[in-house]
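Geometric and topological summary
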Amino acid sequence: MTDTPNDTQRLSKRMAQLGLCSRREADHYIEQGWVKVNGHTAVLGQKVSLTDRIDLERQAHQQQAERVTILLNKPVGYVSAQPEDGHRAAMELITAANHWAGDTSRIRYQPGHSRHLAPAGRLDIDSVGLLVLTQDGRIAKQLIGEHSGVEKEYLVRVEGRLSEQGLALLNHGLSLDGEALRPAKVSWQNQDQLRFILKQGKKRQIRRMCELVGLRVTGLKRVRMGKVKLGQLPPGQWRYLHADEQF
C-alpha cells in the first residue's frame, strides 16, 4: 500500500524519510525551533502530509556541518558497538594518538569528535577493516537504513572445497533466518580468498553464507563501503571522511 498526498505522519518520521536528518535529530531541531512547515515554525508531535514543505533553519544546517564521520581500520579483538564480554569497543581507538598521519582532510581533532559516535555497519570481533563511525544520522541511514543500496566489499579467506554450484548459490539463492538473501557478487580473489560485494548486512552474514556451502571463514576484511575505500589506512588507526567524499 502506497502513501497518498493526503496521508499524514509525524514530522520527525517524514524528515528522516526525506534524508534531512535522523528522527532523533529531527526532534532536537523541532525543539530548538529550527524547523518550518509551510513557512511556520513546527512543534513536537506535529503531523504533516507528503505535500507539506519542510525547511531547516540555518542553525540546523550549521550543527550538521560540525558533525564528523570517522573511518577506522578495525583490528581483531574490538567490538563495533558497546563493550561486551570484557572486550573493548572500537570507539576507544578514536584518540589523537591513533589519528592517521596520512589524513588529508585538514580537520583538526577535538575531543568532542570522539563523542556520540555510532557505528554505521558493524564488523564482528574477529573481522577487520573499514568501520564507519558517525555523528551524522543522514550518513547512518544511507549506510544501514532499511532501504540502503550501498555496496559493502569484503575479502574473505576460507577453508574447504567450493563447487561451481556452491559459488552460484553464494551469488544468489541462499536464505538466512527464513528470508531469501539479496543477490550478491561473489568471486575468487585467489585460491583461498573470496571477494564478496553485498548490499545488506545480516548478523554474521558472510560467515553463515559460507557455512551453508561447506566453507569455513578464517579471515574477513571489509575494504570498501560505497565509493569509500579502506585504502592505505593502517590497522588500529583512523581518519576523517573528507568533505568531498561520498558513500
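All of the points below concern the structure found in this document. Being a predicted model, the structure only gives us computed values, none of them experimental. (Residues numbered from 1 in each chain as written. Predicted model: local features only at pLDDT ≥ 70, side-chain atom pairs only at ≥ 80, totals over all residues. Heavy atoms only, no water.)

Focus on the sheet that holds strand S5 (residues 54-56)
Strand order in this open sheet of three strands is S3-S2-S5, and the pairing throughout is antiparallel. For this open sheet the edge positions go to strand S3 (40-41) and S5, each flanked by a neighbour on one side alone. Relative to S5, strand S2 (residues 35-37) runs antiparallel, the two sharing three bridges. If you follow Lys 36 over to S5, its bridge partner there is Asp 55. (Pairing = 2+ DSSP bridges. Helix = DSSP H or I, 4+ residues; strand = E, 2+ residues; numbered from the N terminus.)

Things to note about a positive patch on the surface
On the surface, Arg 10, Lys 13, Arg 23 and Lys 47 cluster together into a positively charged patch. Position of Arg 23 among the secondary structure elements: in helix H2 (residues 23-32). (Patch = residues over 30% accessible without salt bridge, like charges linked within 9 Å, V, L, I, M, F, W, Y side chains within 5 Å. Areas by Shrake-Rupley, 256 points an atom, 1.4 Å probe, with all protein chains shown as cover. Salt bridge = Lys/Arg side-chain N within 4 Å of Asp/Glu carboxyl O. Lys, Arg positive; Asp, Glu negative; His and termini not counted. Charge placed at Lys NZ, Arg CZ, Asp CG, Glu CD.)

Description of the environment of Val 128
Among the structural elements, Val 128 can be located in strand S10 (residues 128-134). Considering only alpha carbons, one finds Val 128 and Gly 219, 91 residues apart in sequence, at a separation of 8.3 Å. When near neighbours in sequence (up to four residues on either side) are disregarded, Val 128 contacts Lys 74, Pro 75, Val 76, Leu 123, Leu 220, Lys 221 and Arg 222. (Contact = heavy atoms within 4.5 Å.)

Section: the pairing of strand S15 (residues 193-198)
Extensive coverage of S15 is indicated by the burial of five of its six residues. Judged from the six bridges that link them, strand S11 (residues 152-159) and S15 form a sheet pairing that is antiparallel. When the bridges of S15 are listed, Arg 157 appears paired with Gln 193. Bridge analysis of strand S14 (residues 185-190) against S15 gives five bridges, and the strand direction is antiparallel. Bridge pairing links Trp 188 to Leu 194 in S15. Hairpin connection, S14 to S15: the antiparallel pair is bridged by two residues. (Buried < 20%, exposed > 50% of the residue type's maximum accessible area, 1.4 Å probe, protein only.)

Considering the nonpolar core
The biggest cluster of nonpolar side chains holds 34 residues, and the ones touching the most others in it are Leu 72, Tyr 154, Val 156, Leu 170, Leu 194, Phe 196 and Ile 206. Put simply, the parts of the chain that give this core at least two residues each are strand S6 (69-74), S10, S11, S15, helix H6 (205-212), strand S16 (216-225) and strand S18 (238-240). In contact with Tyr 154, not counting residues within four places along its chain, are Leu 123, Leu 194, Arg 195, Phe 196, Leu 198, Ile 206, Leu 220, Lys 221, Arg 222 and Val 223. Tyr 29, Ala 42, Leu 56 and Ala 60 belong to the second-largest nonpolar core, a separate cluster that totals 14 residues. (Core = buried A, V, L, I, M, F, W, Y, C linked by side-chain atoms within 4.5 Å.)

Some thoughts on helix H4 (residues 137-144)
Looking at H4, one finds that the buried residues are Gly 137, Ile 139 and Leu 143. Along H4, the residues classed as buried sweep out an arc of 160 degrees about the axis, all on the same side. (Arc of directions from axis to C-beta.)

Some details on H2
Looking at H2, one finds that the buried residues are Glu 25, Ala 26, Tyr 29 and Ile 30. Mapping the buried residues of H2 onto a view down its axis gives an arc of 135 degrees, with all of them on the same face. Away from its buried face by more than 90 degrees, H2 exposes Arg 24 and Glu 31. Positive backbone phi, approximately 80 degrees, marks Gly 33, located one or two places after H2.

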